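# A look at the structure
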Amino acid sequence: MAASNKRAEHVMPVTMVVGGDTYLNELNARTVRGKIQHNVPDAEIIELDASTADQYAFDEAVGPSLFGDGTIVIIHNLQQADESLVDAIEKFCKQTQHDDNNSDESSANWVIACHEGGIKGKSIITRLAKVGAQTITVPDLKKDDAKLNFVISIFEKHNRTIEPQAAQRLVAVLGGKTGELAALCSQLCFDYDDNPITLNIVDRYLIADPQVTGFFVADKAVAGHTGSAVLAARTAVAQGVDPIALIGALAAKVRCIALAMAVRNGTISQAEAKVNPWALKMAMRQLAGWSSAGVSQCLQSLAWADEQCKGGSSDANYALEKCIMLIASRGN
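Everything in this summary refers to the structure shown in the same document.

What counts and how
- Residues numbered from 1 in each chain as written.
- Predicted model: local features only at pLDDT ≥ 70, side-chain atom pairs only at ≥ 80, totals over all residues.
- Heavy atoms only, no water.
- Pairing = 2+ DSSP bridges.
- Helix = DSSP H or I, 4+ residues; strand = E, 2+ residues; numbered from the N terminus.
- Axes fitted to C-alpha atoms, helices over the stretch in contact; angles between N-to-C directions.
- Salt bridge = Lys/Arg side-chain N within 4 Å of Asp/Glu carboxyl O.
- Buried < 20%, exposed > 50% of the residue type's maximum accessible area, 1.4 Å probe, protein only.
- Arc of directions from axis to C-beta.
- Core = buried A, V, L, I, M, F, W, Y, C linked by side-chain atoms within 4.5 Å.
- Contact = heavy atoms within 4.5 Å.

Turning our attention to the sheet that holds strand β2 (residues 44-49). One open sheet holds the five strands; their spatial order is β2-β3-β4-β1-β5, and the pairing between them is parallel. The sheet is open, and its two edges are formed by β2 and β5 (134-137), each paired on a single side. The sheet shows a mean angle of 20 degrees between the axes of neighbouring strands, direction not considered. Taken together, the five bridges between strand β3 (residues 71-76) and strand β4 (residues 109-115) define a ladder with parallel strand orientation.

Turning our eyes to something else, we now look at the pattern of salt bridges. Inspection of every chain in the model, using the stated rule, returns six salt bridges. Among the salt bridges present, the one from R127 reaches E90, with a minimum N-O distance of 3.1 Å. Here E90 lies in helix α4 (residues 83-99) and R127 lies in helix α5 (residues 122-130), a separation of 37 residues in the sequence. A salt bridge links D219 to R169, with the shortest nitrogen-to-oxygen separation between them at 2.8 Å. Of this pair, D219 sits in helix α10 (residues 210-222) while R169 sits in helix α7 (residues 164-174), and the two are 50 residues apart along the sequence. With respect to class, D219 is no different from R169; both count as buried. Taken together, the shared-partner salt bridges connect E83, D87, E90 and R127 into one network.

Turning our eyes to something else, we now look at α5. Along α5, the residues classified as buried are I124, I125 and L128. Angularly, the buried residues of α5 cover 100 degrees about the axis, an arc narrow enough to put them on a single face. Opposite its buried face, α5 presents the exposed residues K122, S123 and K130, each directed more than 90 degrees away. G132 lies just past α5 and shows a positive phi near 105 degrees.

With that settled, the discussion passes to unusual backbone geometry. The residue after N195, namely P196, is reached through a cis peptide bond having omega 10 degrees. We note that N77 has phi near 60 degrees; this positive angle belongs to a residue other than glycine. Mapping N77 onto the fold places it in the loop between β3 and α4. Taking the relative accessible area as the measure of exposure, N77 reaches 28% and is therefore partly exposed. Positive phi outside glycine occurs at R330, with the angle close to 60 degrees.

This part takes up the nonpolar core. Ranked by internal contacts, the top residues of the largest apolar core, which has 82 residues, are V151, F155, L170, L250, I324 and I327. Of the residues forming this core, the biggest block, 10 residues, is contributed by helix α12 (residues 243-264). With residues up to four places along the chain from it excluded, the contact list for I327 reads A221, V222, L250, V254, W290, C298 and L302. Counting residues in hydrophobic clusters, the runner-up holds 27 residues, among them I46, A61, L85 and A113.

Here it is, written out as structure tokens:
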């Protein structure tokens with residue numbers, strides 16, 4: 001083997017993937033592994049959990065391979081590694097740095113260590129970085145702006161674009177499930193040739209999802225499209241969506257209208273509203289025809305409908321549709 005296939009295109013012997021969203025952390029680790037396997041396709045994969053593995057398990061994993069094809073050791077939960085395991089990784093890193101230019105097949109080993117970020121185990125990152133370990137810092141997706149940029153980046157990788165409102169809908173529905181969000185973006189690119197992908201496509205594609213249906217119904221109601229909103233609600237209920245889910249989406253929309261009204265009137269600041277900037281901006285555009293009394297009337301009606309849906313009435317659908325019609329008329 002020629003110097004481990006040039007260390008698999010210069011992938012460092014030890015790579016730490018640190019922090020960020022769990023899905024993105026794992027994705028980065030898979031990317032590093034893929035670069036190695038591109039040149040060493042028969043490399044053995046060994047996975048260790050730092051919360052239970054010791055230095056002996058690590059030493060055995062990076063020991064000489066009987067087949068000489070090399071080994072990729074993936075360590076999960078690096079932040080939980082004990083002192084002896086960190087010592088072993090540090091020793092391996094120093095040794096492979098020293099032997100990197102020789103052709104000894106026993107050096108054909110790579111370590112990919114995943115660290116969840118945060119304070120715990122932070123000293124491990126510093127310690128291994130000092131002896132030559134590569135560090136890949138993964139961004140988190142806690143803020144909606146970061147999630148929007150993530151969605152847009154996926155479409156860009158497919159040489160596609162998506163309408164801002166469509167991207168916002170995806171974040172609103174699946175922003176807390178990065179893996180599903182990424183898969184859905186890729187699936188939309190595969191299933192539709194439209195460029196950009198529109199809000200209508202996203203809603204049509206996901207109309208069976210209770211959250212998506214709820215947003216769709218709420219948007220139609222606030223826009224004053226009574227017929228479309230009622231029809232969408234009936235279709236959703238017929239497909240098995242619980243009316244309470246639709247009530248929740250309507251209530252969230254009306255509360256956003258109330259906050260936008262308060263910001264416009266100077267009662268609170270945008271920061272105090274604690275609403276996603278793009279959601280607040282959209283609500284601002286929908287304030288025409290709304291009054292404080294109308295918002296109050298709608299919120300009271302939604303509270304009543306919530307009670308009906310939870311067992312106060314045998315006709316939850318009636319309560320739901322009554323709310324939709326009231327919201328569509330701005331509470332009048």
